[in-house]
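An overview of the molecular structure
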Amino acid sequence: QVQLVESGGGLVQAGGSLRLSCAVSGRTFSSSAMGWFRQAPGKEREFVAAISGSGSTTYYADSVKARFTISRDNAKNTVYLQMNSLKPDDTAVYLCAARSIGSPLIDTSTSRYAYWGQGTQVTVSS
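The model shown is predicted, which means the values in this text are computed figures rather than measured ones.

**A few points about the sheet that holds strand β7 (residues 68–73)**
- One open sheet accounts for 4 strands, arranged β1-β3-β8-β7; its pairing is antiparallel. Two strands in the sheet have a free side with no partner beyond their single neighbour: β1 (3–7) and β7. Going across the sheet, the axis of each strand differs from the next one's by a mean of 15°, ignoring polarity.
- As defined by bridge partners, β1 adjoins strand β3 (residues 18–25) across 5 bridges and the pair is classed as antiparallel. Each residue of the ladder has a partner; that of Ser 7, found in β3, is Ser 21.

This is the structure:
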């Protein structure tokens, strides 16, 4: 079974930075593309960023371009989300997700991800 555990969430002031981590276990990490999604109260889960299995390709939602950076360290079975210049609108539960084994290509749809972490809360104060 593939398991994902997020960490690094917390409270930060507007303009600050935060780095989220997602540790993956149970299967070959490099075989699956990874993504970060977020869900704010009363809103649908939305795509934030994704990275291919090899780490050579990344893609970002327009709302976070130039502020967030997704990366992965396959040797450590970990994916990261560096968040800079945070705004109150970034407040949400952030979830790490993995595509099924053998699916290395990026996708922005929640339905394309087979495994999900429990989520970590990010709160940005004004």
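**A word on the state of the cysteines**
- Here the structure, examined in full by the defined rule, presents 1 disulfide.
- Here Cys 22 is linked by a disulfide to Cys 96, with a sulfur-sulfur distance of 2.2 Å. Since a negative S-S torsion denotes a left-handed disulfide, the Cys 22-Cys 96 link at about -85° is left-handed. Here Cys 96 lies in strand β9 (residues 92–98) and Cys 22 lies in strand β3, a separation of 74 residues in the sequence.
- Assessed through its relative accessible area of 0%, Cys 22 is described here as buried.

**A short note on the nonpolar core**
- One finds Met 34, Trp 36, Val 79, Leu 81, Met 83 and Tyr 94 to be the most contacted residues of the largest nonpolar core, which totals 34 residues.
- When contributions to this core are tallied by element, the ones reaching two or more residues are β3, β4 (34–39), β5 (46–51), β7, β8 (78–83), β9 and β11 (120–125).

**Overview of the packing of aromatic side chains**
- Here the structure, examined in full by the defined rule, presents 5 aromatic pairs.
- Judged by centre distance (5.7 Å) and plane angle (75°), the ring pair of Phe 37 and Phe 47 falls under edge-to-face. Of this pair, Phe 37 sits in strand β4 while Phe 47 sits in strand β5, placing them 10 residues apart in sequence.
- Judged by relative accessible area, Phe 37 falls into the buried class, the value being 0%.
- A residue is classified by how much of its surface remains accessible, and Phe 47, at 13% relative accessible area, is buried.

Procedures and definitions
- Residues numbered from 1 in each chain as written.
- Predicted model: local features only at pLDDT ≥ 70, side-chain atom pairs only at ≥ 80, totals over all residues.
- Heavy atoms only, no water.
- Pairing = 2+ DSSP bridges.
- Helix = DSSP H or I, 4+ residues; strand = E, 2+ residues; numbered from the N terminus.
- Axes fitted to C-alpha atoms, helices over the stretch in contact; angles between N-to-C directions.
- Disulfide = S-S within 2.5 Å.
- Buried < 20%, exposed > 50% of the residue type's maximum accessible area, 1.4 Å probe, protein only.
- Core = buried A, V, L, I, M, F, W, Y, C linked by side-chain atoms within 4.5 Å.
- Phe/Tyr/Trp six-rings, centres within 6.5 Å; stacked < 30°, edge-to-face > 60°.

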